[in-house]
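Chain by chain, the residues run as shown.
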Amino acid sequence: MELTRLIVKGGVISPGELREVVNMAMEQGLDSISFGSRQDIIFPNGFKSLDKEKLGKHHFVFPEEKSGNNIVSSYVSTDIFRNTNWLTGNKFLYILEQFKEQPKLKVNINDPKQQLVPLFTGHLNFIASEHEDYWYLYIRLPKWERMEMYPILIYSWDIAKFYYEIEKITAEESIGIDMIFALVSETLDTNNRTIDKPLNIPFYPFPYYEGMNRMGIDQYWLGLYWRNNLYNLDFLKEMCDLCFDCKIGKICITPWKSFIVKGIPKDRKLEWEKFLGKKGINVRHSLLELNWHLPVAMEWALNLKTFLVRTLDQFDISTYGLTFGISEYNRDGHYFTSIVVEKNELPPALESIKIRDTYNVLFAKNFDPNTREYIVHSQDIDKLELPTILIELSRKYFDELGNSVPETTENLQKKEKPQLDIYQCQECLTLYNSEYGDESQGIPKGISFTDLAETYCCSLCEAPKSNFKILEVVEN
């Protein structure tokens, strides 16, 4: 579905800017807005183009436009979740201010110690090091098969400079990390630092981000979440006025389709609670609901999540620390949750036939999405089988919690290349995974695809073995 987006740099917006956006949406006859995965604001299809005078400094990306990517940052986590000591909220704001022109590539600027904002979902991922004002840079450009680490640490005040130079030199052709490093080093005079230790990303349980929570001695922060991701404009307008009155300067959007207000004075806490109560706002959703990531404006995904959450709740299952994603089949596999429920595409030949949807279930290695390594657990599963599988994976997570040794990104890169073990039919997208074999054709578990007879054919559409292509790398 094509939607209109408003770029919100780093997910940081002032109450005044948000109120302007709310007024624009009201003028369009809308009654709600949504939030996107990259901390942007989403409008329905009905949102019409505006005159440049009305747009002001707001950067809209309309459905017919292909340019414009938001910068994701973990500014939202600063002062309320774990953070690298030197990385303050002001530091984030100064770095974001360096980006004067809208990036064409996806940029992430994050603290590795927080869990709320994904680290590696950008084309360029700047991740804070232990050295004050220095950042690792991990690059995976659109046509690259894997992520590469830039060979030096980047100085805070050079981040935007680096980005624009890389955007410029990669615009015309696809080049590798070595050539990027050589060209950037030749062009820019920067204050770099040698990498003296690999990036270490500690694994922490996913944080609870809803409700009124203490922030320091005399302030609170408030996390607000709507299960349908439709945020009422009247509520937002009154909330912005209350922020003005409390001298709150920033509102932060999260990648989880929610937002956080930081710095509510202790003596105004009761006023905020009365305001929320008067508006009938629920700030006590089940923890089961808060750790799901869904595509925007996809009713099937919201319905599936509701079904799964209610079923898990009936079984009294704990999912604390885990995160779940629902997605249509993703050829790139760029996920950032512990467990992924992937809806399979219907083959074009079967689109006219009414058949039940099927799903694949994947989980991140060690249930840590920062490993960027996903393992296929089940495939072609009916909706009614999903709760049992998620319960099984939840128990597996708690059984293994604390047993795995954290791996640095350097160790991950030095690993031997694992075997290619998952193949996919190019006609109907059915998967063959040697871990499960093909029970329908009497093929037991453990038989690799290359060892199958040449007469093997797809169990769904009967396409020949030659129509299968390697899909994913998994450990043997």
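Residues numbered from 1 in each chain as written. Predicted model: local features only at pLDDT ≥ 70, side-chain atom pairs only at ≥ 80, totals over all residues. Heavy atoms only, no water.

Focus on helix α6 (residues 233–245)
An α-helix turns once per 3.6 residues; consequently, residues spaced three or four apart project the same way.
Here is step 1: Taking 1.5 Å per residue, 13 residues should reach 18 Å; α6 reaches 19 Å between its end C-alpha atoms and fits that length.
Here is step 2: Leu-233, Phe-235, Leu-236, Met-239, Cys-240, Leu-242 and Cys-243 are the residues of α6 that are buried.
Here is step 3: Sitting at the amino-terminal end of α6 is Asn-232, which places a side-chain oxygen 3.0 Å from the backbone nitrogen of Asp-234. (Helix = DSSP H or I, 4+ residues; strand = E, 2+ residues; numbered from the N terminus. Expected span 1.5 Å × (residues − 1). Buried < 20%, exposed > 50% of the residue type's maximum accessible area, 1.4 Å probe, protein only. Polar contact = N/O pair within 3.5 Å; in protein donor to acceptor, adjacent residues only side chain to side chain.)

With respect to the pairing of strand β8 (residues 124–128)
Here is step 1: Burial within β8 is extensive, with five of its five residues counted as buried.
Here is step 2: Residues Leu-124, Phe-126 and Ala-128 point to one face of β8 and Asn-125 and Ile-127 to the other, with burial holding for every one of them.
Here is step 3: Relative to β8, strand β7 (residues 107–110) runs parallel, the two being bridged by four bridges. Residue pairing in the sheet places Asn-110 in a bridge with Ile-127 of β8.
Here is step 4: Both β8 and strand β9 (residues 134–139) contribute to a ladder of five bridges, which runs antiparallel. Across the sheet, the residue bridging to Asn-125 is Tyr-138, located in β9. (Pairing = 2+ DSSP bridges.)

Let's talk about the sheet that holds strand β16 (residues 251–253)
Here is step 1: With antiparallel pairing, the five strands of this open sheet are ordered in space as β2-β16-β17-β14-β13. Strand pairing shows two members of the sheet lacking a second neighbour, β2 (12–13) and β13 (211–215), which therefore form its edges.
Here is step 2: Pairing of β2 with β16, which is carried by two bridges, proceeds in the antiparallel orientation. If you follow Ile-13 over to β16, its bridge partner there is Ile-251.

Describing the packing of aromatic side chains
Here is step 1: Here the structure, examined in full by the defined rule, presents 34 aromatic pairs.
Here is step 2: Between Phe-81 and Trp-221, the ring centres sit 5.6 Å apart and the planes meet at 75°, which makes this aromatic pair edge-to-face. A residue pair is termed long-range when its members are at least 10 positions apart, and Phe-81 in the loop between β6 (71–73) and α3 (89–97) and Trp-221 in strand β14 (residues 219–225) qualify at 140 residues.
Here is step 3: Classification of Phe-81 as buried rests on a relative accessible area of 16%.
Here is step 4: The exposure class assigned to Trp-221 is buried, which follows from its relative accessible area of 4%.
Here is step 5: Linked through ring pairs, Phe-35, Trp-226, Tyr-231, Phe-235, Phe-259, Trp-272 and Phe-275 together constitute an aromatic cluster.
Here is step 6: Above the ring of Phe-120, the side-chain terminus of Arg-372 is found at 4.1 Å from the ring centroid.
Here is step 7: When the ring centre of Phe-307 is taken as reference, the NZ or CZ atom of Lys-383 above it lies at 4.8 Å. (Phe/Tyr/Trp six-rings, centres within 6.5 Å; stacked < 30°, edge-to-face > 60°. Lys NZ or Arg CZ within 6 Å of the ring centre and 35° of its normal.)

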